[in-house]
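Observations on the three-dimensional arrangement
Residue strings, one per chain:
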Amino acid sequence: MNNLDTAFSALSDPTRRAILARLALGEHTVMELAQPFDMSQPAISKHLRVLESAGLIARRVEGAKRPCRLAKGGVEAIDQWLAMLRRALTANYDRLDALLTEMKTPKTRTKR
Amino acid sequence: MSKLTLKTEGDKHIVVTRRFAAPPEAVYRAHTDPKLVQKWLLGPEGWTMPVCICEARPQGKIRYEWANEKGGGFYLTGEFIELEPHRRIVHVERMHLPDVTPDNHVETRFESDGTGTLMTMRMTLPDVETRTQMLSTGMERGMEASYVRLERML
């Protein structure tokens, strides 16, 4: 679950989401990935490290290049977004159940 | 208590339903009184809502700010559009992560269901142009795939 947290926080950045979208089309080098963004290669590399440690992408060594691709579990992790929405809603409404019970008892009127 | 259902509808909608063991009046109040909203609209465990602005009237402002112990935080802003007391709330909302997500138009209905309430929340995601933009991001790609999977599951 911790991994999912990391994945989700890695996904909170639009540049990183765009990088993932590109990698969904296939393997790319850092230079190729940096091209569409108004960003330096070191800045892109930093994003790639975040994605890599979140388990969303994998990199291999090919000479001086380190091409990136989506990690096997990465796509599934992204898919978890909706599952997380479901989980967040479930947690919310379970709390709301408790609150509604509390509201029924006149004494415990919502004091704060 | 009946469980949450969450499914997609057409290209732009997400529909959530949930039953509550309390009358529509109470469920509606819990959705429109900031002191109550603050107690339950917290998402996963570990988050609190230090700021809760919820002006339940047409054009009234919505602003929810969440925080966790690790110093994380994000917020949501929105506006109420239409309110029919105890029956229906229409509002628009967007997340700030901190980049702002496209507007999500939400209609929430509360219907009597025995001694309880059936809540139906229908989210409408933006137009095709915005959707295309959204699709260019990895997260939404994933969401799309999940929707399809969910539709198959449900």
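Each remark here, short or long, concerns the structure printed above.
Residues numbered from 1 in each chain as written. Chains lettered and ligands numbered in written order. Predicted model: local features only at pLDDT ≥ 70, side-chain atom pairs only at ≥ 80, totals over all residues. Heavy atoms only, no water.

1. Concerning the overall build of chain B
- A count of helices and strands for chain B gives four helices and eight strands.
- Looking at the 154 residues of chain B, the share that counts as buried comes to 47%.
- Here the analysis covers contacts within chain B between residues at least 6 apart in sequence; of these, 32% occur between residues at least 24 apart.
- Within the structure as shown, chain B displays about 8,100 Å² of accessible surface, and the carbon and sulfur contribution to it stands at 54%. (Helix = DSSP H or I, 4+ residues; strand = E, 2+ residues; numbered from the N terminus. Buried < 20%, exposed > 50% of the residue type's maximum accessible area, 1.4 Å probe, protein only. Contact = heavy atoms within 4.5 Å. Areas by Shrake-Rupley, 256 points an atom, 1.4 Å probe, with all protein chains shown as cover.)

2. Focus on the side chain of Arg18(B)
- With respect to the helices and strands, the residue Arg18(B) is situated in strand E2 (residues 13-20).
- Reaching out from Arg18(B), the side chain makes a polar contact with the backbone oxygen of Tyr93(A) at a distance of 3.4 Å.
- Only 2.9 Å separates the side chain of Arg18(B) from the side chain of Asp97(A), close enough to count as a polar contact. (Polar contact = N/O pair within 3.5 Å; in protein donor to acceptor, adjacent residues only side chain to side chain.)

3. Some details on the packing of helix H2 (residues 14-23) of chain A against helix H4 (residues 41-53) of chain A
All names here are of chain A.
- Axis separation between H2 and H4 bottoms out at 10 Å; the angle between their running directions is 75 degrees. Relative to H4, the element H2 is oriented roughly perpendicular. Across the interface between the two elements, Thr15, Arg16, Ile19 and Leu20 from H2 touch Ile44, His47, Leu48, Val50 and Leu51 from H4.
- In terms of residue class, the contact of H2 with H4 is made up of six nonpolar, two polar and one charged. (Axes fitted to C-alpha atoms, helices over the stretch in contact; angles between N-to-C directions. Parallel < 35°, antiparallel > 145°, perpendicular 65-115°, else oblique. Nonpolar A, V, L, I, M, F, W, Y, C, P; charged D, E, K, R; others polar.)

4. A word on unusual backbone geometry
- Despite not being glycine, Gln59(B) shows a phi value in the positive range, around 70 degrees.
- Inspection of the secondary structure puts Gln59(B) in the loop between strand E3 (47-54) and strand E4 (61-68).

5. A closer look at the packing of aromatic side chains
- All told, the structure shown has six aromatic pairs over all chains when counted by the stated rule.
- A centroid spacing of 5.5 Å and a plane angle of 75 degrees characterise the contact between Tyr93(A) and Phe20(B), whose relative ring orientation is edge-to-face. Separated into two different chains, Tyr93(A) in helix H5 (residues 72-104) and Phe20(B) in strand E2 make up a pair that spans both. Taken individually, Tyr93(A) and Phe20(B) each receive the classification buried, so the pair is uniform in this respect. (Phe/Tyr/Trp six-rings, centres within 6.5 Å; stacked < 30°, edge-to-face > 60°.)

6. Notes on the side chain of Arg88(B)
Residue and element names in this part refer to chain B.
- With respect to the helices and strands, the residue Arg88 is situated in strand E6 (residues 88-96).
- Within the local environment of Arg88, its side chain forms a polar contact with the side chain of Glu107, the two groups lying 2.7 Å apart.
- Among all residues touching Arg88, those that are not within four sequence positions of it are Tyr28, Glu82, Leu83, Glu107, Thr108, Arg109 and Phe110.

7. Quick notes on the pattern of salt bridges
Residues and elements named next belong to chain B.
- Counted under the stated rule, the structure contains 15 salt bridges over all chains.
- Notably, a salt bridge pairs Glu84 with Arg87, separated by 3.3 Å at the nearest N-O pair.
- Beyond isolated ion pairs, a larger network of salt bridges with shared partners links Glu82, Glu84, Arg87, Arg88, Glu107 and Arg109. (Salt bridge = Lys/Arg side-chain N within 4 Å of Asp/Glu carboxyl O.)

8. Some points on the nonpolar core
- Tyr93(A), Leu96(A), Leu100(A), Val16(B), Met49(B), Tyr64(B) and Met121(B) are the most contacted members of the largest nonpolar core, which has 37 residues in total.
- Per-element accounting of this core gives the leading share, six residues, to H5(A).
- Residues contacting Leu100(A), with those up to four places away along its chain left out, are Phe20(B), Ala22(B), Ala26(B), Val27(B) and Ala30(B).
- Within the second largest apolar cluster, 18 residues are counted, among which are Val30(A), Leu33(A), Ile57(A) and Leu70(A). (Core = buried A, V, L, I, M, F, W, Y, C linked by side-chain atoms within 4.5 Å.)

9. Quick look at the pairing of E2(B)
Residues and elements named next belong to chain B.
- Counting buried positions over the eight residues of E2 gives six, a clear majority of the element.
- Summarising the sheet, E2 and strand E8 (residues 116-124) pair through eight bridges and their orientation is antiparallel. Within the sheet, the bridge partner assigned to Arg18 lies in E8 and is Met119. (Pairing = 2+ DSSP bridges.)

Limitation: the analysis is restricted to geometry and does not speak to function.
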